[in-house]
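These are the residues of each chain, in order.
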Amino acid sequence: MAGRKDLDGLLERAEGLARERLSARRYGHTLRVAQTAERLARRHGLDPQRARLAGLLHDAAREMPPERLLGLAREWGIPVGPFERENPKLLHGPVAAELARRRLDLSDEEVLRAIREHTTGSPGMGPLSLALYVADKIEPARDYPSVERLRELARADLREAAEEALRRAVEHNERRGRPTHPASLEWLREAERSAQRRVQ
Ligand SMILES: [Fe+2]
Ligand SMILES: [Fe+2]
């Protein structure tokens, strides 16, 4: 893990990278996610600065055109399954992580993993990944019917909030007749299994 001083420098460079690559609208979202992730980390005993770093970088590749995402994924050895080929947008997490590794020399695997996983989620997510996933869904400008419930859950339990957000995302896809990424479905099955164990 980087020392504190390195981390300050990294945070500054991460903010610069996001600013240079994103529209004002999405840069605003990025800052709000970073701030929300930081706040959630503080509340749940995680490292606020590393959560902020993940937030600043999570959407750094969000405005790349699909061909560029696919091209970089190929060049950087990022796995591209049939689902990503159909929906290259989903590669913006893994591509942003790799971009941060290459451009900022970021080597904090937990932060990289959180960035990589924020689009679909994944089974076995660690606390930092959960914090980013939730922050992305509840940042202050998010406004949809169930967001207050998620904000409440996030104050109490990050994993429960993340799993609830996941369930809603899957339902949302189902209602629209859209498929859900296999990693999200696997995570959902994992969440359901552990919920059952808690009941028994
Ligand atoms: Fe994203
Ligand atoms: Fe985002």
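The rules behind the values
Residues numbered from 1 in each chain as written. Chains lettered and ligands numbered in written order. Predicted model: local features only at pLDDT ≥ 70, side-chain atom pairs only at ≥ 80, totals over all residues. Heavy atoms only, no water. 1 Å grid on protein atoms, 1.4 Å probe; cavity = no way out; pocket = protein on both sides within 12 Å on 5 of 7 lines; lining within 4 Å. Points joined across faces, edges and corners; volume = space filled by probe spheres on them. Helix = DSSP H or I, 4+ residues; strand = E, 2+ residues; numbered from the N terminus. Nonpolar A, V, L, I, M, F, W, Y, C, P; charged D, E, K, R; others polar. Phe/Tyr/Trp six-rings, centres within 6.5 Å; stacked < 30°, edge-to-face > 60°. Buried < 20%, exposed > 50% of the residue type's maximum accessible area, 1.4 Å probe, protein only. Lys NZ or Arg CZ within 6 Å of the ring centre and 35° of its normal. UniProt positions renumbered as here; feature names shortened; annotations may be inferred. Axes fitted to C-alpha atoms, helices over the stretch in contact; angles between N-to-C directions. Parallel < 35°, antiparallel > 145°, perpendicular 65-115°, else oblique. Left-handed = near helix turned anticlockwise from the far one by under 90°. Contact = heavy atoms within 4.5 Å. Arc of directions from axis to C-beta. Donors = N, O, S within 2.8 Å, 3.2 Å for Na, K, Ca; no water.

On to the layout of surface pockets. Estimated volume of the largest pocket: approximately 1200 Å³. Looking at the largest pocket, it is lined by 36 residues, and the ones nearest its centre are K89, L90, T119, K137 and A169. Contributing elements (two or more residues each) for the lining of the largest pocket: helix 2 (24-43), helix 8 (127-138) and helix 10 (158-175). Per-element accounting of the lining of the largest pocket gives the leading share, 9 residues, to helix 10. Looking at the second largest pocket, it is lined by 17 residues, and the ones nearest its centre are I78, P79, E84, P94 and R116. Put simply, the parts of the chain that give the lining of the second largest pocket at least two residues each are helix 6 (92-103) and helix 7 (109-117). Considered class by class, the residues forming the lining of the second largest pocket number 7 nonpolar, 6 polar and 4 charged.

Bringing the packing of aromatic side chains into the picture now. Going through the model one piece at a time under the given rule, you end up with 1 aromatic pair. For the pair Y133 and W187, a centre-to-centre distance of 5.0 Å together with 80° between the ring planes defines the contact as edge-to-face. Note that Y133 is positioned in helix 8 and W187 in helix 11 (residues 182-199), a separation of 54 residues in sequence. Overall, Y133 belongs to the buried group, its relative accessible area being 2%. The ring of Y133 carries K137 above its face, with NZ or CZ at 4.0 Å from the centroid.

A few words on the UniProt feature "domain: HD" (unreviewed entry) in the protein chain. Under the feature "domain: HD" (unreviewed entry), the UniProt entry names residues 26-141. Helix makes up 66% of residues 26-141 and strand makes up 0%, while its end C-alpha atoms are separated by 11 Å.

Taken N-terminus to C-terminus, the directions of helix 8 and helix 10 make an angle of 50°; their axes are 9 Å apart at the nearest point. One element, helix 8, and the other, helix 10, form an angle in the oblique class. Read as a crossing pair, helix 8 and helix 10 show a hand that is left-handed. Taken together, the residues of helix 10 that come into contact with helix 8 (itself represented by P127, L130, A131, Y133, V134 and K137) are L158, R159, A161, A162, A165 and L166. Its residues assigned to classes, the contact of helix 8 with helix 10 shows 10 nonpolar, no polar and 2 charged.

Attention now moves to helix 9 (residues 147-156). Taken together, the buried positions of helix 9 are V147, L150, R151, L153 and A154. Buried residues along helix 9 cover an arc of 165° about the axis, so they all sit on one side. Contacts made by the buried residues of helix 9 are with helix 2, helix 8 and helix 10.

Distances from the iron ion (ligand 1) to its protein donors, namely D59 (OD), H92 (NE2) and H118 (NE2), fall within the range 2.1 to 2.2 Å. Of the residues examined, D59 reaches a relative accessible area of 5% and is grouped as buried.

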